[in-house]
Amino acid sequence: MRETPEDLKELQALLDASLSRSTSHLRSIVTTEHTLTAEQLTQVLTGMCTLALSTVTAKGEPRISGVDGHFLHGKWHFGTAPGAAKARHLAARPAVSAAHMRGEDLGVFTHGTVEILNPRHGERDAGWPDLLAYLKSFYGDDSFDWDNDVVYYRLRPHWMTVYAPDVDKLTAASRS
């Protein structure tokens, strides 16, 4: 687990606030028995998690694509090629929605704003060196030209909820 106590506190506050301001329909599905705490979530979301990422075109049309998501410090991190359509969308309109689903066992739904971590011609985020070290340990040092082939983002969530119908089964599986 890479999260600090402050990361966990912030994530738990986000999860609680998000659910409290959700519709009664969603709250009838995502109950305390069918969700995860921040600590449980960080134990379940390890390694690479495929995200369905939704961006918006210049015409206001939604676009969805898959990205490698890494949940670190209570936030999603993902990358794409600098010339990808989603990179253009994110540069102009940084609001996104993302979903990570594991069949019927887990659903993590997030809305927020992305920030670029390693701009080609700008100042890199203070957290970029640590994220880059993590990514290189995961993908390999020479998987990309990390300065030119890939741009990475952090999704700063303003809303996030988790659905887990069998919390005990899911958390037991993450420990084994």
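None of the values given here were measured: they were computed from a predicted structure.

So, about the packing of aromatic side chains. Considering all chains together, one arrives at eight aromatic pairs under this definition. Here Tyr-134 and Phe-138 contribute two aromatic rings whose centre-to-centre distance is 6.3 Å and whose plane-to-plane angle is 20°, an arrangement assigned as stacked. With Tyr-134 and Phe-138 both in helix H5 (residues 128–139), this residue pair falls four residues apart, about one helical turn. Among the aromatic residues, those joined into a cluster by ring pairs are Trp-128, Tyr-134, Phe-138, Tyr-139, Phe-144, Trp-146 and Tyr-152.

Here we come to helix H4 (residues 85–92). Looking at H4, one finds that the buried residues are Lys-86, Ala-87, His-89 and Leu-90. With its buried residues spanning 160° around the axis, H4 presents them on a single face. Looking at H4, the residues exposed on the side facing more than 90 degrees away from the buried face are Arg-88, Ala-91 and Ala-92.

We now examine the pairing of strand E4 (residues 95–102). Alignment of strand E1 (residues 48–56) against E4, held across three bridges, turns out to be antiparallel. Bridge assignment links Ser-54 to a residue of E4, and that residue is Ser-97. With eight bridges joining them, E4 and strand E5 (residues 106–116) adopt antiparallel strand pairing. Its bridge partner being in E5, Met-101 is matched across the sheet by Gly-107. In this structure, the hairpin formed by E4 and E5 is closed by a connection of three residues, where Gly-103 is found at a positive phi of approximately 55°.

Quick look at the pattern of salt bridges now. Where charged atoms from two side chains of opposite charge come close, those side chains can pair. Scanning all chains against the criterion turns up eight salt bridges. Between Lys-75 and Glu-10 there is a salt bridge, with the nearest N and O atoms lying 3.0 Å from each other. With Lys-75 in strand E3 (residues 75–80) and Glu-10 in helix H1 (residues 5–20), this residue pair connects regions lying 65 residues apart in the sequence. The class of Lys-75 is buried, set by a relative accessible area of 10%. Glu-10 sits in the partly exposed class, given a relative accessible area of 42%.

Conventions adopted
Residues numbered from 1 in each chain as written. Predicted model: local features only at pLDDT ≥ 70, side-chain atom pairs only at ≥ 80, totals over all residues. Heavy atoms only, no water. Phe/Tyr/Trp six-rings, centres within 6.5 Å; stacked < 30°, edge-to-face > 60°. Helix = DSSP H or I, 4+ residues; strand = E, 2+ residues; numbered from the N terminus. Buried < 20%, exposed > 50% of the residue type's maximum accessible area, 1.4 Å probe, protein only. Arc of directions from axis to C-beta. Pairing = 2+ DSSP bridges. Salt bridge = Lys/Arg side-chain N within 4 Å of Asp/Glu carboxyl O.

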